[in-house]
Amino acid sequence: MDDDSRLLAGLSSEGQVAEQALRELFFAYAQPLINFARRLSLDRETAEDVVQNVFLALWRNRASSAIGGNLRSYLFAAVRNQALNQLRNSKAIRDGEQELQFHLPQPTPHVDRVEY
């Protein structure tokens, strides 16, 4: 049994065995996943948040998780999907802000800005 399979089996256990398996998975994969997320045009903080969310989802779904195949591939695909969602959401927010700015009434020159 390879190391990833052992850790996945441990993760689906209970108590300290599951916690230790998650800890080992995190320390083995967190930095490479953060670097990968950063290459997808995320800043460091957002990349860390994305990776943290992937591990949180892995922990929450550990009992029902059926990761078939390669754990490394699964983690990188999950980070890619989360990063793309994050980029899509931030673009929608930026577009909404620009749209809002476009529709804000502009103060007339003779009205004091503070009064406006």
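All of the points below concern the structure found in this document. As the structure is a prediction and not an experimental result, all values here were calculated from the model. (Residues numbered from 1 in each chain as written. Predicted model: local features only at pLDDT ≥ 70, side-chain atom pairs only at ≥ 80, totals over all residues. Heavy atoms only, no water.)

**Some remarks on the overall build of the chain**
The line we're drawing: Secondary structure follows DSSP: runs of H or I at least 4 residues long count as helices, runs of E at least 2 residues long count as strands, and numbering of each begins at the N terminus. Residue contacts are counted whenever heavy atoms from the two residues lie within 4.5 Å of one another. In this description, accessible areas are obtained by the Shrake-Rupley approach with a 1.4 Å probe, and a residue is regarded as covered only by the protein chains that are shown.
Looking only at helices and strands, the chain has four helices and zero strands in total. The linear arrangement of helices and strands in the chain, starting from the amino end, is α-α-α-α. Across the chain, contacts joining residues at least 24 apart in sequence account for 60% of those joining residues at least 6 apart. As displayed, the chain has an accessible area near 8,300 Å², and 51% of this comes from carbon and sulfur atoms.

**Focus: helix α1 (residues 3-11)**
The criterion, for reference: Partly exposed residues are those whose accessible area sits between 20% and 50% of the maximum for their type, while under 20% is buried and over 50% is exposed, using a 1.4 Å probe and protein chains only. The arc in question is the one traced by the directions running from the helix axis out to the C-beta atoms.
For α1, the complete set of buried residues consists of Asp-4, Leu-7, Gly-10 and Leu-11. Along the long axis of α1, the arc covered by the buried residues comes to 125 degrees, so they all point the same way.

**A short note on the packing of helix α2 (residues 15-39) against helix α3 (residues 44-60)**
Worth spelling out the cut-off: Fitted lines through C-alpha atoms give the axes, limited to the stretch in contact for helices. The angle between two N-to-C directions lies from 0 to 180 degrees. Two helices that cross are described as forming a left-handed crossing if the nearer one is turned anticlockwise from the farther one by less than a right angle, and a right-handed crossing if clockwise. When residue character is reported, Ala, Val, Leu, Ile, Met, Phe, Trp, Tyr, Cys and Pro are called nonpolar, Asp, Glu, Lys and Arg charged, and the others, Gly included, polar.
Contact geometry for α2 and α3: axes closest at 9 Å, N-to-C directions at 145 degrees. Crossing handedness for the pair α2 and α3: right-handed. In the contact of α2 with α3, the residues fall into 14 nonpolar, two polar and four charged.

**Regarding α3**
Quick note on the threshold: Multiplying 1.5 Å by the helix residue count minus one yields the expected span of that helix.
Here α3 contains 17 residues, and its C-alpha end-to-end distance of 24 Å stays within 8% of the 24 Å for a straight helix at 1.5 Å per residue. Of the residues making up α3, those classed as buried are Thr-46, Ala-47, Val-50, Val-51, Val-54, Phe-55 and Leu-58.

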